[in-house]
Amino acid sequence: MKIRQLSLFLENRPGQLKIPAKVLGDAGIDILTMSLADTQQFGILRLVVKDWEKARKVLEAAGIVVNVTEVLAVDVPDRPGGLAGVLEAFEKAELGIEYMYAFSGSRERGKFATLVFRLGDPDLAARLLSAAGVRLVSSDELFARAGA
């Protein structure tokens with residue numbers, strides 16, 4: 001149930017975000033979801049794409065530093081308190097969340113939203129969350145939702 005995420009390290013100056021977007025676009029690689037965090041000196045762009053291996057190759061060929069990490073996609077009930085219920089399962093399993101962001105693919109209003117979580121041990125987290133009844137989303141299902 002793990003999903004490969006690409007983390008790109010970019011200088012924090014104008015025009016830097018356009019470079020990986022253009023490189024991926026020119027290679028025909030669609031970005032399914034992303035998150036950007038920055039500091040004074042650099043930013044970390046986190047991306048989920050269908051063909052992560054090809055994406056890594058073309059980005060590295062363009063001189064971009066890329067790190068591959070494993071994340072989990074989790075369905076969260078789309079209602080008030082839905083996220084709190086899922087986070088309760090994380091707490092009971094004593095899982096610390098490094099970061100999270102929303103999946104930007106299609107969403108069925110009133111049913112669920114999908115969040116991407118980075119955890120210290122994704123294999124253990126997947127087992128514990130599944131046992132707690134949290135619905136994990138596979139790569140194939142995530143990409144199908146996005147029409148990719």
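Structure's up top.
Because the structure is a prediction, the values reported are computed rather than measured.

Description of the overall build of the protein chain
Here's step 1: Looking only at helices and strands, the protein chain has 5 helices and 7 strands in total.
Here's step 2: Order of helices (α) and strands (β) in the protein chain, N terminus to C terminus: β-α-β-β-α-β-α-β-β-α-β-α.
Here's step 3: In summary, the protein chain has a C-alpha radius of gyration of 16 Å against a globular reference of 15 Å for 148 residues, a match within 12%.
Here's step 4: Here the protein chain, with 148 residues, has 42% of them falling under the buried criterion.
Here's step 5: Contacts in the protein chain between residues at least 24 apart in sequence constitute 72% of all its contacts with a sequence separation of at least 6.
Here's step 6: Of the roughly 8100 Å² of accessible surface on the protein chain, a fraction of 51% belongs to carbon and sulfur atoms.
Here's step 7: Distance from the positive charge centre (19 side chains) to the negative charge centre (19 side chains) of the protein chain: 4 Å.

Some remarks on a nonpolar patch on the surface
Here's step 1: The grouping of Phe9, Phe42 and Val65 at the surface amounts to a nonpolar patch, some 260 Å² of accessible area in total.
Here's step 2: Locating Phe9 in the fold gives a position in strand S1 (residues 2-11).

Some thoughts on unusual backbone geometry
Here's step 1: With a phi close to 55°, Glu94 is a non-glycine residue in the positive phi region.
Here's step 2: Within the secondary structure layout, Glu94 lies in the loop between helix H3 (82-92) and strand S5 (97-102).

The rules we used
- Residues numbered from 1 in each chain as written.
- Predicted model: local features only at pLDDT ≥ 70, side-chain atom pairs only at ≥ 80, totals over all residues.
- Heavy atoms only, no water.
- Helix = DSSP H or I, 4+ residues; strand = E, 2+ residues; numbered from the N terminus.
- Rg over C-alpha atoms; globule rule 2.2 N^0.38 Å.
- Buried < 20%, exposed > 50% of the residue type's maximum accessible area, 1.4 Å probe, protein only.
- Contact = heavy atoms within 4.5 Å.
- Areas by Shrake-Rupley, 256 points an atom, 1.4 Å probe, with all protein chains shown as cover.
- Lys, Arg positive; Asp, Glu negative; His and termini not counted.
- Charge placed at Lys NZ, Arg CZ, Asp CG, Glu CD.
- Patch = residues over 30% accessible without salt bridge, like charges linked within 9 Å, V, L, I, M, F, W, Y side chains within 5 Å.
- Salt bridge = Lys/Arg side-chain N within 4 Å of Asp/Glu carboxyl O.

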